[in-house]
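Descriptive structure summary
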Amino acid sequence: MQITNKGDRFADRHIGPSKEALNEMLNTLNIADLDMLIDETIPSDIRMRKELDISEAMSEFEYLNHIKALGEKNIIADNYIGQGYYGTITPSVILRNIFQNPGWYTQYTPYQAEIAQGRLEALLNFQTMVSDLTGMALANASLLDEGTAAAEAMSMFYGLKNKRAKDEPVSKIFVDSGVFDHTVEVLLTRAEPMDIEVVMGDWKEMDLEDQYFAVLLQYPDKHGEIEDFRNFVSKLSDKGIYSIFAADLLSLALITPPGEFGADAVVGLTQRFGVPMGFGGPHAAYFATREDFKRNIPGRIIGVSRDRDDNYALRMALQTREQHIKRDKATSNICTAQALLAIMAGMYAVYHGEEGIKTIAENIHKRTAFLASGLLSLGYDLTSESFFDTISIKCSNDLLTKVKDQASERRINFFYADGEIRISIDETKSDQQVRDLLQMFADIKSGDIAHDFMSENSYIPTSLQRSSAYLTHEIFNQHHSETKMMRYIKSLENKDLSLVHAMIPLGSCTMKLNAASQLIPVSLPEFANIHPFAPSDQTKGYMELIHELEKDLSTITGFAACSLQPNSGAQGEYSGLLTIAAYHKENGEAHRDIALIPSSAHGTNPASAVMTGMKVVVVKCDEKGNIDVDDLRDKADQHSAYLAALMVTYPSTHGVFESRIKEICKIVHDNGGLVYMDGANMNAQVGLTSPGHINADVCHLNLHKTFAIPHGGGGPGMGPICVNEKLKPFLPGHIYADCGGNKAIKAVSAAPYGSASILLISYGYIKMLGAKGLVESTRYAILNANYIKARLEEEYQVLYTGEKGRAAHELIIDVNPYKSLNVTAEDIAKRLIDYGFHAPTLSFPVAGTLMIEPTESESKDELDRFCDAMLEIKKELNEIATGEADKDNNVLSNAPHTLAMLTSDEWKLPYTRSKAAYPLSYLHQNKFWASVRRVDNAYGDRNLICTCPPMEAYEEAEA
Ligand SMILES: *Cc1c(COP(=O)(O)O)cnc(C)c1O
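1. Details of the pattern of salt bridges
A full pass over the atoms with the stated rule returns 60 salt bridges. When the shortest N-O distance is used, the salt bridge between lysine 239 and glutamate 209 registers 3.1 Å. Residue lysine 239 is found in the loop between helix H10 (230-238) and strand E6 (242-247), and its partner glutamate 209 is found in the loop between strand E4 (197-201) and strand E5 (214-219); the two are separated by 30 residues along the sequence. You can call lysine 239 partly exposed: its relative accessible area is 41%. A relative accessible area of 59% places glutamate 209 in the exposed class. The salt bridge involving glutamate 795 is made with lysine 874; its shortest N-O contact spans 3.1 Å. Taken as a pair, glutamate 795 in the loop between helix H23 (759-792) and strand E23 (797-799) and lysine 874 in helix H25 (residues 860-882) lie far apart in primary sequence, 79 residues in all. A residue is classified by how much of its surface remains accessible, and lysine 874, at 11% relative accessible area, is buried. Each of Glu24, Arg791, Lys860, Asp864 and Asp868 takes part in a single network of salt bridges with overlapping partners.

Structural data, given as structure tokens:
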């Protein structure tokens, strides 16, 4: 039997426009069919005509069965591995209302503060939690993982120490041997291109007279030991050496936090605050430091400001420090971080409060203490007498093998090091489990468990027990019942606009459908509860998925191999450039260090280039927005002997398929350089052309753009790199995994496959679309952008189009002409909020513009609604131009209008309330209200508050 109608295709659910809509849209575009549009958009010499070699599409139902079966190939063991990753209990109220809720996970990074107060508050809670527990003044809103957070701290202090250009930079960092080995790896990767020398050793033997800029310590250390660093830190400080602590945040509920004895920075992971291990991620790393370093802190910081009516309002602070602004002067390339996971961790603290967190930590410690006393009574040797949750058993090879055999038979995972077995207890472990462990160790020694070993003693030295309070702010003491918690989460969600409300037409960010069937498997225990360093016989399901995804992404990019390790697009850039540097070095050309970067590039490109030790030379763009090929040729020529790479975004950040791209690649190759393609715009390429086809050498993919991982309000993301044969040997390795090339560079992320659990989403996306659905998606993405262009171009000036007048998957409209009306791009962005839309990308890559990217997932109705809003705004602009509306007091300058304004007893604005709030009729059916009026960024940066302010601050604001 053969049934020809395949029934419910995922592609039909993923792609917005219907067949009927397609015809209407083609009419508007004045073109006969979609094939012709694609022919006019993509230069013919770079088109691929062959279908991608990707397995046939599965239906959603088939996929969910498939992924369940794949999950069953993973084994959930009893985990005691620790080393930074622990079992944790995600409170169901957080799991359901945040992690599995598109109202939270489909949000964008909170650049539009007026429609992002919910996640801004949740992130501020996270910062407060981190700053309370670490005892530091200031914390950021998350970094990618503990390893990169430590590397960021190293880089920050290297910069601070060598601020003044001296002859001889202080370039040594001392790293204690108690630091997690995988953190050290990531640090070494980052140190090498910066010429930082990493000196490993025992902190007690460190020569303080030597020239170091910083010291990195683990607290408690990798063996579990809690050392007393108080005197040491004060000596370091006397010598002007910065102290960085990598600390387990939960342990700081019981032990004296480094902030209380003078640390300069404290970094680490918040995974065990309710975020599953997920075979490596995603989880939020934290970075806390002193007030003095606020302008140097990497990543995003949420701060308190006020709106036009002096209401309390949050926004992202100090953005001028970020790579978007500072480009090659930036000290960090971090862009996408781990917002959603930071929000979850912060909520875990909100839900448990000080008492709850303390109890969780105490229970863990008591069970660890029970295990330790039992082991001691059995005659086992522990490496240390003080610990929080981790103990290390000293042992001979013989004993180690015996324990390993016994443990693996019972599906118990420990961490095995040289002559040492490490056991970490977490909040999921019961008394019975700990007793069973002990029984196993008793059996191995043929000993009996004594019954009098239990003592009430704490193994935390009295002098290091925490005495200070934390999580005292009201927010951590209010929402402890599930009803209250559920309502608190919902009240924040209601303030934020996400994809559940409307399209988010952000150019370059590709806010497409994040399908439920792609997201559901991420919470399956068989994927969520796997430790990143679990033995390979327990991770077969993951490895099958990882290899299949590597293969598919290589096929899509036209490359030979793929590394799934980088945790964000910017990390992909950094990793890709490192493989290029390794390639040149291998060929005896280590001196090649010039990176050519077009002026239109995203800020992360120059920032990443500098991190890999390259020097940035900017290439001009012509008036059509294309790379100025003559300028490129001149610069490539001029730097020929030193040319390392060109970084090019394709289609360009101007939304155009440059027809001379192959020529551009050739010029770079002829001068000895390699071509790095920024793949953020891959949504315009999939199935139609590819980086490999264009002759690039390496690209990163933003899986959180093109491949359907949601943005989560600023992360998670994934930035795998795909490379050709030349670069394949250098793909990053990892000390705990068999991954990377045969001449691998060292790890770029803490975990071997980055944030592995969200790879499921991109895998699902590819498997459910199949080759046909993937290429259809690209074609519709291009159609949708060109449809918007066709509808708007009579009223707005569209910048940069291809040779045949077509946009790619995004378009830029220029609003600089309205400057004379006192209207800025920001005014239009804020007015769009009144119409229920998130703004397009503002002023990137050209100042005073809006970059619109609809994606394939939006229907014609939604595109029309957006275009209607833009056209109505144009009428409002005309009213200012004709003098009908006041130049300084109009619907644009006052936008967004809040419900409080509308319902106020007073209305003094020179236009009606309905014009303010209901300019188009669809708004009567479905209205989204900004929760605050326009937020004052400058005020917030001058009066920087980055933790939940005390209640007096609210009162002051009200007064
Ligand atoms: C988003 C983006 C990046 C950075 O990616 P992250 O995942 O945010 O680090 C780089 N280049 C371009 C063109 C982008 O749009």
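2. Brief notes about the packing of H23 against H25
With their axes 10 Å apart at the nearest point, H23 and H25 run at an angle of 35 degrees to one another. Here H23 and H25 pass one another in a crossing that is right-handed. In this structure, H23 contributes Asn784, Tyr787, Ile788, Arg791 and Leu792 to the contact, and H25 contributes Lys860, Leu863, Asp864, Phe866, Cys867, Asp868, Met870 and Leu871. Each residue belonging to the contact of H23 with H25 can be placed in one class, and the counts come to eight nonpolar, one polar and four charged.

3. Looking at the site of the ligand
Near the ligand, the surroundings consist of 14 residues, among which Thr336, Ser508, Asp678, His704 and Lys705 are the closest. At a separation of 2.8 Å, an oxygen atom of the ligand approaches a polar backbone atom of alanine 570. Within the contact set of the ligand, a nitrogen atom lies 2.6 Å away from a side-chain nitrogen or oxygen of aspartate 678. Relative to its free-state accessible area of 380 Å², the ligand is covered by the protein chains to the extent of 98%. The element best represented in the shell around the ligand is helix H19 (residues 569-586), accounting for three residues. For the shell around the ligand, the residue count by class is three nonpolar, eight polar and three charged.

4. Overview of the domain arrangement of the chain
With domains assigned, the chain is organised as domain 1 (83-496), domain 2 (525-768) and domain 3 (772-938). Look at where the C-alpha atoms of domain 2 and domain 3 centre, and you get two points 33 Å apart. Each partner contributes residues to the interface: domain 2 has 24 residues there, and domain 3 has 22 residues. Looking only at domain 2, the three residues that lose the most surface to domain 3 are His654, Gly655 and Asn683, adding up to 30% of its buried area. Scanning the region where domain 2 abuts domain 3 turns up zero salt bridges. For the pair domain 2 and domain 3, the interface holds six residue pairs in polar contact (both at pLDDT 80 or more). Its residues assigned to classes, the side of domain 2 that touches domain 3 comprises 10 nonpolar, 12 polar and two charged.

5. Describing the sheet that holds strand E8 (residues 285-289)
Hydrogen bonding along the main chain pairs the strands of a sheet, whether they run parallel or antiparallel. One open sheet holds the seven strands; their spatial order is E2-E8-E7-E6-E5-E3-E4, and the pairing between them is mixed. The open sheet has two edge strands, strand E2 (138-139) and E4, and neither has a second partner. For strand E3 (residues 172-176) and E5, the ladder comprises three bridges, and the chain directions are parallel. In the sheet register, isoleucine 173 faces E5, and the bridge partner there is alanine 214. Along the sheet, helix H9 (residues 181-191) contacts E3, E4 and E5; its crossing angle with E4, the most-contacted strand, is approximately 155 degrees.

Rules used throughout
Residues numbered from 1 in each chain as written. Predicted model: local features only at pLDDT ≥ 70, side-chain atom pairs only at ≥ 80, totals over all residues. Heavy atoms only, no water. Salt bridge = Lys/Arg side-chain N within 4 Å of Asp/Glu carboxyl O. Helix = DSSP H or I, 4+ residues; strand = E, 2+ residues; numbered from the N terminus. Buried < 20%, exposed > 50% of the residue type's maximum accessible area, 1.4 Å probe, protein only. Axes fitted to C-alpha atoms, helices over the stretch in contact; angles between N-to-C directions. Left-handed = near helix turned anticlockwise from the far one by under 90°. Contact = heavy atoms within 4.5 Å. Nonpolar A, V, L, I, M, F, W, Y, C, P; charged D, E, K, R; others polar. Near = heavy atom within 4 Å. Polar contact = N/O pair within 3.5 Å; in protein donor to acceptor, adjacent residues only side chain to side chain. Areas by Shrake-Rupley, 256 points an atom, 1.4 Å probe, with all protein chains shown as cover. Domains from an automatic or database assignment. Buried area = accessible area lost by both parts, 1.4 Å probe. Pairing = 2+ DSSP bridges.

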